[in-house]
Amino acid sequence: MDFPTIWFVIIGVLWTGYFVLEGFDFGVGMLLPVLGRGTDDVDTEKRRRVLINTIGPVWDGNEVWVLTAGGATFAAFPHWYATMFSAFYLPLLLILVALIVRNLGFDYRGKRDDDRWRANWDKAIIVGSFVPALLWGVALTNLVHGLPIDADMEFRGNLFTLLNPVSLLGGLVTLGLFLTHGALFTALKTTGQIREDARGVATRVGVATAVLAVALLAVLGAQHGNAGSWLTTVVAALALVGALVANLRGREGWAFTGTFVTIAMAVATYFLLLFPNVMPSSLNPAWSLTVDNASSTPYTLKIMTVVALVFTPLVLLYQSWTYWVFRKRIGTQHIPAAAQPAALSH
Amino acid sequence: MRRATVGSDLPMYRSATRLGAVVTLVAGLAVAVSGDVQGKIMTEVQPMKMAAAEALYQSAAHDAPFSLFTVGSLDGTQEKFSVTVPGLLSFLATGKFDGGVKGINELKSQYATTYGDSGNALDKDATYVPNIPLSYWSFRLMMGVGFAAMAAAAAVLWATRRDLVPQARWWRWLILLTPLLPILGNSFGWIFTEVGRQPWLVFGLMATSTGVSPAVAAGEVVTSMVVYTLLYGILAVVEVKLFLAYMRAGAPPFEAPVDRTTQDEDAELAFAY
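Report follows, based on the coordinates. Source: prediction; values computed, not measured.

### A few points about the overall build of chain A
Along its length, chain A carries 13 helices and two strands. In terms of overall size, chain A behaves like a compact globule, its C-alpha atoms giving a radius of gyration of 21 Å where 346 residues would be expected to give roughly 20 Å. Principal-axis analysis of the C-alpha atoms places the extent of chain A at approximately 65 × 45 × 40 Å. Residues classed as buried in chain A amount to 47% of the 346 residues present.

So this is what it looks like as structure tokens:
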């Protein structure tokens, strides 16, 4: 295996890491109005804080994976980075703005004891989770489906080229997968009424997602499918069904593992459908960006590989440690009173 | 820093203030040293930037002066009034008071020869000279703001020596505004380093005009600039209002630490969002 192929695989792994981790952050954020609805105002506020605190210690570390995926693309495949980020300029702007307001929502929400303040930041969290969950699916599906790229490796479409039926279906699939994944994470990390409600949401959304996912992977597979991609597709489908069955049986750990594998296999399918291209051109296959014509020099890739081999185990180690430290289930009884100075309350 | 709420928390506020002042002084010195090293490297690899920083049109073979403040003609090529320190530019650029510093005019013709036929986009409309007033002033503002922060820190340390508590109202303004100085210094530094390198993206290898993405329309770029400016502007207002609210409220009342190692399953979290 040569260096460009190794780095193609690594970038696939980094995107996988991002979606299996930040995926449930998006799901939990979007489920704030659904799972965060309590019997009265006090209960509602406590339930929302329970949801936010399940992902509280880990959302920041999860988000970093997309930075490594983008950074690896920039360094290992500069042409891919250039064409892709130029083509997706406005969607990426939307995603970044959404992420900024979502992240601030987590931190600023509790800084003032005011209902309108909290309600506004909750909206920021919900919208800030919804937009990336949808648009990342749209973006990656566009990569696989093909974009109008000319002989100079430049994107020749506009914003509406990116919003086509197949890519929108892809967006709905990631939306549904992240909602399911987030609901199952909530079921795994909470006690009390929220846990029960989360399992119900996971079943309903999961079934709808399964239908859409089958449609999507069939359409994409028909275009570029190969033995490897069909295998991962089947594993993804089985994992999703297994997750939903485990959820019905109350086996929350297995259910979450199931959607974890589903998302991982879905990303694997995408990368297997892509290979050996990195950005197929819908105008002319000869103009596609490939693993070979888009990559950096062997020297650059060699240095990057050494650095990656040293630091990746460290990162995996300390991130797993964080999850281990915060493994306890949270219920409304664990949420303390708001922490800001009394002088700031209304 | 309302006097009414200070009371028994005075020692805490003293420690915090003096720690901040000490760090400002030490960090300021470290930045001056690292900046000096960078300046000498800059003279070697991007000599036009150093010339632009001083608006040095004529090369100086030795003892180049450093001007603190210059009023020039509108096109920047003639000076009308200037406050200079002799030999200081040579020292900043080369480490020796009698070192030579190349000027803008000499470098301009040197680059026209070196890069003129390179096939780079530059040779058609070649101005190898960056924006001189912007480079000149941002360089000085960067350093001035840094030294001002160190001076404020020294003043604070002097005014709080032994057990003194400064009483005059203007100390409040000084303490509030001093933290803005490093932010401004940082920004001026970035403006200088980017503007001074123009028209190059990578000096001598890639012009900024060659680096522009052809597939991104100017309208999209303008949109993103406007969006980010508005977003960060609104968030800055929100954040400053939070800062001020927390400052007015003062420190929360002291609570003795709680031993959490023997608590039961349903105890509240020590910290929760």
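### Looking at the overall build of chain B
Counting its secondary structure elements, chain B contains 10 helices and four strands. Counting from the amino terminus, chain B carries its helices and strands in the arrangement α-α-α-β-β-α-α-α-α-α-β-β-α-α. Over its C-alpha trace chain B gives a radius of gyration of 25 Å, far above what one expects of a compact globule, namely 19 Å for 273 residues. Reported as C-alpha extents along the three principal axes, the dimensions of chain B are approximately 75 × 50 × 35 Å. With 273 residues in all, chain B has 19% of them scored as buried. The contacts of chain B with a sequence gap of at least 6 include a subset with a gap of at least 24, amounting to 65%.

### So, the interface of chain A and chain B
Interface extent is often summarised as the accessible area lost during association of the parts. Between chain A and chain B, the residue contacts involve 26 residues of the former and 20 residues of the latter. Per-element tally for the side of chain A that touches chain B: the top contributor is helix H6 (residues 89–108) of chain A, with seven residues. Of the residues that constitute the side of chain A that touches chain B, the class distribution is 16 nonpolar, six polar and four charged.

### Overview of helix H5 (residues 104–115) of chain B
All names here are of chain B. Taking 1.5 Å as the rise per residue, H5 with 12 residues should run 16 Å; its terminal C-alpha atoms sit 16 Å apart, in good agreement. Those residues of H5 lying buried are Ile-104, Leu-107 and Tyr-111. One side of H5 carries all its buried residues, which in axial view fall inside an arc of 65°. What points out from H5, more than 90 degrees from its buried face, is the exposed set Ser-109 and Thr-113. Of the surrounding secondary structure, the elements contacted by the buried residues of H5 are helix H3 (47–54).

Rules of the game
Residues numbered from 1 in each chain as written. Chains lettered and ligands numbered in written order. Predicted model: local features only at pLDDT ≥ 70, side-chain atom pairs only at ≥ 80, totals over all residues. Helix = DSSP H or I, 4+ residues; strand = E, 2+ residues; numbered from the N terminus. Rg over C-alpha atoms; globule rule 2.2 N^0.38 Å. Buried ≥ 20, exposed ≤ 12 C-beta atoms within 10 Å, placed from the backbone. Contact = placed C-beta atoms within 7 Å. Nonpolar A, V, L, I, M, F, W, Y, C, P; charged D, E, K, R; others polar. Expected span 1.5 Å × (residues − 1). Arc of directions from axis to C-beta.

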